[in-house]
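Read off the chains here:
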Amino acid sequence: MIGYTSVGTQDLERAAAFYDALFEEVGGSRMMVDESFIVWSNEGEGGAFMVTYPFDKDSATVGNGVMVAIQATSPEQVQRIYEKALELGASDEGAPGDRGDNFYAAYFRDLDGNKLNAFAFVP
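Residues numbered from 1 in each chain as written. Predicted model: local features only at pLDDT ≥ 70, side-chain atom pairs only at ≥ 80, totals over all residues. Heavy atoms only, no water.

**Q** Just checking my understanding: could you explain the overall build of the protein chain for this structure?
**A** Summing up its helical and strand segments, the protein chain has two helices and eight strands in all. Walking the protein chain from its N terminus toward its C terminus, one meets helices and strands in the order β-α-β-β-β-β-α-β-β-β. For 123 residues, the compact-globule estimate of 2.2 N^0.38 gives 14 Å, and the protein chain sits close to it at 14 Å. Counting only C-alpha atoms and orienting by the principal axes, one finds that the protein chain spans roughly 45 × 30 × 25 Å. Each of the 123 residues in the protein chain was classed as buried or not, and the buried ones make up 41%. Long-range pairs, those at least 24 residues apart, make up 49% of the contacts in the protein chain with a sequence separation of at least 6. Taken as two groups, the 8 positive and 20 negative side-chain charges of the protein chain have centres that lie 3 Å from each other. (Helix = DSSP H or I, 4+ residues; strand = E, 2+ residues; numbered from the N terminus. Rg over C-alpha atoms; globule rule 2.2 N^0.38 Å. Buried < 20%, exposed > 50% of the residue type's maximum accessible area, 1.4 Å probe, protein only. Contact = heavy atoms within 4.5 Å. Lys, Arg positive; Asp, Glu negative; His and termini not counted. Charge placed at Lys NZ, Arg CZ, Asp CG, Glu CD.)

**Q** Please explain the sheet that holds strand β8 (residues 115-121) as it appears in this structure.
**A** Sheet strands pair by backbone hydrogen bonding; their relative direction is either parallel or antiparallel. Within the open sheet, the four strands sit side by side as β5-β8-β7-β6. Their pairing is mixed. Edge positions in the sheet fall to β5 (68-71) and β6 (91-98), since each has one partner strand and no second. Neighbour to neighbour, the strand axes of the sheet diverge by 20 degrees on average, direction disregarded. Sheet strands in contact with helix α2 (residues 75-87) are β5, β6, β7 (103-109) and β8, and its direction is about 5 degrees off that of β7. (Pairing = 2+ DSSP bridges. Axes fitted to C-alpha atoms, helices over the stretch in contact; angles between N-to-C directions.)

**Q** What's the story with unusual backbone geometry in this structure? I'm lost.
**A** Residues apart from glycine generally show negative phi values, whereas peptide bonds are mostly found in trans. With a phi angle near 50 degrees, Asp101 is a residue other than glycine that sits in the positive phi range. For Asp101, a relative accessible area of 77% corresponds to the exposed category. Within the chain, Asn102 stands out as a residue other than glycine whose phi angle is a positive 60 degrees. Relative to the helices and strands, Asn102 resides in the loop between β6 and β7.

**Q** So what exactly am I meant to see when it comes to the layout of surface pockets here?
**A** The gaps of empty space that remain are located by a probe, the size of a water molecule, rolled over the atoms. If you add up the space inside the largest pocket, you get close to 600 Å³. Lining the largest pocket are 23 residues, and of these Asn42, Gly47, Ala69, Ile70 and Gln71 lie nearest its centre. Contributions of two or more residues to the lining of the largest pocket are made by β1 (4-8), β3 (37-41), β4 (48-52) and β5. Ranked by residues supplied to the lining of the largest pocket, first place goes to β5 with four residues. Of the residues contributing to the lining of the largest pocket, the split by class is twelve nonpolar, ten polar and one charged. (1 Å grid on protein atoms, 1.4 Å probe; cavity = no way out; pocket = protein on both sides within 12 Å on 5 of 7 lines; lining within 4 Å. Points joined across faces, edges and corners; volume = space filled by probe spheres on them. Nonpolar A, V, L, I, M, F, W, Y, C, P; charged D, E, K, R; others polar.)

**Q** Mind showing me how you'd approach the pattern of salt bridges here?
**A** Charged atoms that come close allow side chains of opposite charge to pair. Counted according to the given criterion, the structure contains five salt bridges. With its nearest N and O atoms 3.2 Å apart, the salt bridge here joins Arg109 to Glu93. Here the residue Arg109 occupies a position in strand β7, and Glu93 occupies one in strand β6, the gap between them amounting to 16 residues. For Arg109, a relative accessible area of 24% corresponds to the partly exposed category. (Salt bridge = Lys/Arg side-chain N within 4 Å of Asp/Glu carboxyl O.)

What follows is the structure, given as structure tokens:
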């Protein structure tokens with residue numbers, strides 16, 4: 001249903017290094033690169049993720065209440081994504097754990113303050 005999600009950045013090169021390493025954990029890679037944005041996807045597996053300089057050339061800001069979720073295949077992969085994000089300089093917003101209703105998740109903010117979540121459904 002969702003084609004892609006985008007977040008803003010002040011430093012595309014820095015954001016690219018962060019997301020290259022983070023999305024490697026879930027098999028994602030760059031699918032489109034431009035001087036003002038980069039898009040990652042898992043070929044043929046649904047939506048994509050874009051980091052971009054704001055079109056209006058103003059400062060990138062974080063949306064209050066906005067979060068992007070990265071679907072993992074297991075709680076172990078959620079843990080690896082979370083650890084990789086922190087290793088890459090992300091800040092903790094909630095350590096990996098059971099959130100109820102068969103939902104296992106971890107929360108963190110990227111280098112520009114955008115909130116992300118890694119999650120897996122567990123039996």
